[in-house]
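Residue-level listing of the chains:
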Amino acid sequence: MSMDIPEMPVDLRLAAVVHLLSSSALRGATPNKTEALRAHLRGLAAQADLNPYLKSALQEVLQGWEAVDCHPASIPVDFYPLVAPGAVTH
């Protein structure tokens with residue numbers, strides 16, 4: 001499955017990446033979130049005018065997410081201690 005995402009400004013793509021990473025960390029990765037994240041990372045990594053360090057970091061992150069294989073029936077989970085306001089655990 002490959003997701004086509006229209007051209008977007010870099011700042012909006014970065015915001016989407018941060019949002020998808022956060023959502024995946026808090027509620028779990030799903031096939032759709034993972035593919036959307038990959039699509040945004042691919043779009044960012046293809047940008048010619050990015051800082052080389054940022055570009056390298058994005059390419060490394062993309063490689064990691066390319067290796068993720070979510071089960072098609074994966075669903076997001078609300079894990080109360082991590083998603084409740086003010087309830088941060090480490």
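Quick caveat: nothing in here was measured; it's all calculated off a predicted structure.

Considerations on the overall build of the chain
Okay, step 1: Secondary structure assignment for the chain yields four helices and zero strands.
Okay, step 2: Across the chain, helices and strands are ordered from the amino to the carboxyl terminus as α-α-α-α.
Okay, step 3: Out of the 90 residues in the chain, the part that is buried amounts to 30%.
Okay, step 4: Excluding contacts between residues fewer than 6 apart, the proportion of contacts in the chain whose partners are at least 24 apart in sequence is 67%.
Okay, step 5: Put simply, the chain shows about 6000 Å² of open surface, and 62% of that area lies on carbon and sulfur atoms.

Section: the side chain of Gln47
Okay, step 1: Structurally, Gln47 is set in the loop between helix H2 (31-45) and helix H3 (52-66).
Okay, step 2: Excluding residues that lie within four positions of it along the chain, Gln47 makes contacts with Val10 and Lys55.

Looking at the side chain of Ser23
Okay, step 1: Residue position: Ser23 is located in helix H1 (residues 10-27).
Okay, step 2: For Ser23, a relative accessible area of 14% corresponds to the buried category.
Okay, step 3: At 3.1 Å, the side chain of Ser23 and the side chain of Lys33 are in polar contact.
Okay, step 4: Ignoring any residue separated from it by four or fewer positions in sequence, one finds Ser23 in contact with Gly28 and Lys33.

Thoughts on the environment of Asp11
Okay, step 1: Inspection of the secondary structure assignment puts Asp11 in helix H1.
Okay, step 2: Asp11 gets classed as exposed once you look at its relative accessible area, which sits at 54%.
Okay, step 3: Linking Asp11 and Leu44, residues 33 residues apart in sequence, is a C-alpha distance of 9.6 Å.

Some remarks on the pattern of salt bridges
Okay, step 1: In the structure shown here, the tally under the stated rule is four salt bridges.
Okay, step 2: For Arg38, the salt bridge goes to Glu35, with nearest N and O atoms at 3.3 Å. Taken together, the residues span about one helical turn, with Arg38 and Glu35 both in helix H2 at a distance of three residues. For the residue pair Arg38 and Glu35, the accessibility class agrees, reading buried in each case.
Okay, step 3: The salt bridge involving Arg42 is made with Glu66; its shortest N-O contact spans 3.1 Å. Linking Arg42 in helix H2 with Glu66 in helix H3, this pair joins segments that are 24 residues apart in sequence.
Okay, step 4: The class of Glu66 is partly exposed, set by a relative accessible area of 38%.

Criteria and thresholds
Note on numbering: residues in each chain are counted from 1, in written sequence order. Restriction of local features to residues with pLDDT of at least 70 applies here, the model being predicted, together with a cutoff of 80 or more for giving and counting side-chain atom pairs; totals for whole chains, interfaces and linings are based on all residues. Here the side-chain values reflect all heavy atoms present in the structure, with hydrogen atoms and water set aside. Segments assigned H or I by DSSP are reported as helices when at least four residues long, segments assigned E as strands when at least two residues long, and all are numbered from the N terminus. Accessibility here uses a 1.4 Å probe with only protein chains present; expressed as a share of the type maximum, an area under 20% marks a residue as buried, one over 50% as exposed, and anything in between as partly exposed. By the convention used here, residues are in contact when the closest approach between their heavy atoms is within 4.5 Å. Surface accessibility follows the Shrake-Rupley procedure with a 1.4 Å probe radius. Residue values consider only the protein chains on display as shielding. Counting of polar contacts relies on pairs of N or O atoms within 3.5 Å, with two restrictions inside protein: one atom must be capable of donating a hydrogen and the other of accepting it, and residues adjacent in sequence are counted only when both atoms are side-chain atoms. Note on definitions: salt bridges are taken to be side-chain nitrogens of Lys or Arg within 4 Å of carboxyl oxygens of Asp or Glu.

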